[in-house]
Amino acid sequence: LAKTTQPISMDSYEGQEVNITCSHNNIATNDYITWYQQFPSQGPRFIIQGYKTKVTNEVASLFIPADRKSSTLSLPRVSLSDTAVYYCLVEGYSTLTFGKGTMLLVSP
Amino acid sequence: NAGVMQNPRHLVRRRGQEARLRCSPMKGHSHVYWYRQLPEEGLKFMVYLQKENIIDESGMPKERFSAEFPKEGPSILRIQQVVRGDSAAYFCASSPAVRDRGSNEQFFGPGTRLTVL
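First, a word on what this report is: a plain description of the structure on this page. (Residues numbered from 1 in each chain as written. Chains lettered and ligands numbered in written order. Predicted model: local features only at pLDDT ≥ 70, side-chain atom pairs only at ≥ 80, totals over all residues. Heavy atoms only, no water.)

1. Quick look at the sheet that holds strand 7 (residues 70-75) of chain A
Residues and elements named next belong to chain A.
Phase 1: Spatial strand order, 2-7-6-5: 4 strands in an open sheet with antiparallel pairing. Sheet topology places strand 2 (18-23) and strand 5 (53-56) at the edges, where each strand pairs with a single neighbour. In this sheet, adjacent strand axes meet at a mean angle of 15 degrees when their direction is disregarded.
Phase 2: The pairing of strand 5 with strand 6 (residues 61-64) spans 4 bridges and is classified as antiparallel. Looking at the pairing, Thr56 lines up with Ser61 of strand 6. (Pairing = 2+ DSSP bridges. Helix = DSSP H or I, 4+ residues; strand = E, 2+ residues; numbered from the N terminus. Axes fitted to C-alpha atoms, helices over the stretch in contact; angles between N-to-C directions.)

2. Some words on the state of the cysteines
All names here are of chain A.
Phase 1: Tallied over the entire structure, the rule returns 2 disulfides over all chains.
Phase 2: Between the sulfur atoms of Cys22 and its disulfide partner Cys88 the distance amounts to 2.2 Å. Here Cys22 and Cys88 share a disulfide; its torsion about the S-S bond, -80 degrees, makes the bridge left-handed. Of this pair, Cys22 sits in strand 2 while Cys88 sits in strand 8 (residues 84-91), and the two are 66 residues apart along the sequence. (Disulfide = S-S within 2.5 Å.)

3. Considerations on the packing of aromatic side chains
Within a pair of aromatic rings, the relevant descriptors are the distance that separates the centres and the angle that separates the planes.
Phase 1: All told, the structure shown has 10 aromatic pairs over all chains when counted by the stated rule.
Phase 2: With centroids separated by 5.8 Å and ring planes inclined at 65 degrees, the aromatic side chains of Tyr36(A) and Phe98(A) adopt a geometry described as edge-to-face. One end of the pair, Tyr36(A), is in strand 3 (residues 32-38); the other, Phe98(A), is in the loop between strand 8 and strand 9 (102-107), and 62 residues separate them in sequence.
Phase 3: Judged by relative accessible area, Tyr36(A) falls into the buried class, the value being 1%.
Phase 4: With a centroid separation of 5.8 Å and an interplanar angle of 85 degrees, the aromatic rings of Tyr36(A) and Phe108(B) are classed as edge-to-face. Here Tyr36(A), found in strand 3, pairs with Phe108(B), found in strand 10 (residues 107-108), and the two come from separate chains.
Phase 5: Taken together, the ring pairs in this structure connect Tyr36(A), Phe46(A), Tyr87(A), Phe98(A), Tyr35(B), Phe45(B) and Phe108(B) into an aromatic cluster. (Phe/Tyr/Trp six-rings, centres within 6.5 Å; stacked < 30°, edge-to-face > 60°. Buried < 20%, exposed > 50% of the residue type's maximum accessible area, 1.4 Å probe, protein only.)

Quick look at the structure:
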């Protein structure tokens, strides 16, 4: 049983806000929600992490409803360089489980 | 502060040869993780090590694969008698001491792309 479910792909244009939603119905009490970004031929890079409510950093926001069964990664005003695969993970301790992620394509 | 280093970046082996992949964690990080990524797939966890200890090898194939993280030097992922199905990108990640609660950010290296002919 997959830990997370997210769209396979999304398309956007430069300057738009992009929201990627992830479902994690079986999230455990100790699990955190983490998003990673991966460019082709590179290792994943941490974007943001949260446990509940809203978290914001310099690159993204993460919205987590009270039941924590889903989360939404929000990328404000995307640029071409945001084209990448975005992974949603729920993990409680150490090892990470990556799904296939969401391929975001940003066009001019 | 240099990031996670992996070498070689590209490795070509013929079937039956051995492949050795090296990973130097970030300075101050004592935890190392190895992942494998097949084309068009997400990363799959293989093994989690601390210095001189294997903590979790549940994702490691039972045969031909081994990993170590010695007291001195880089972590090594070793694949013996490689087969074509071993062709993949192998990523190493490191993290500082694990916190008691919550997930721990992992810092990934650039990966080693193994091609088995």
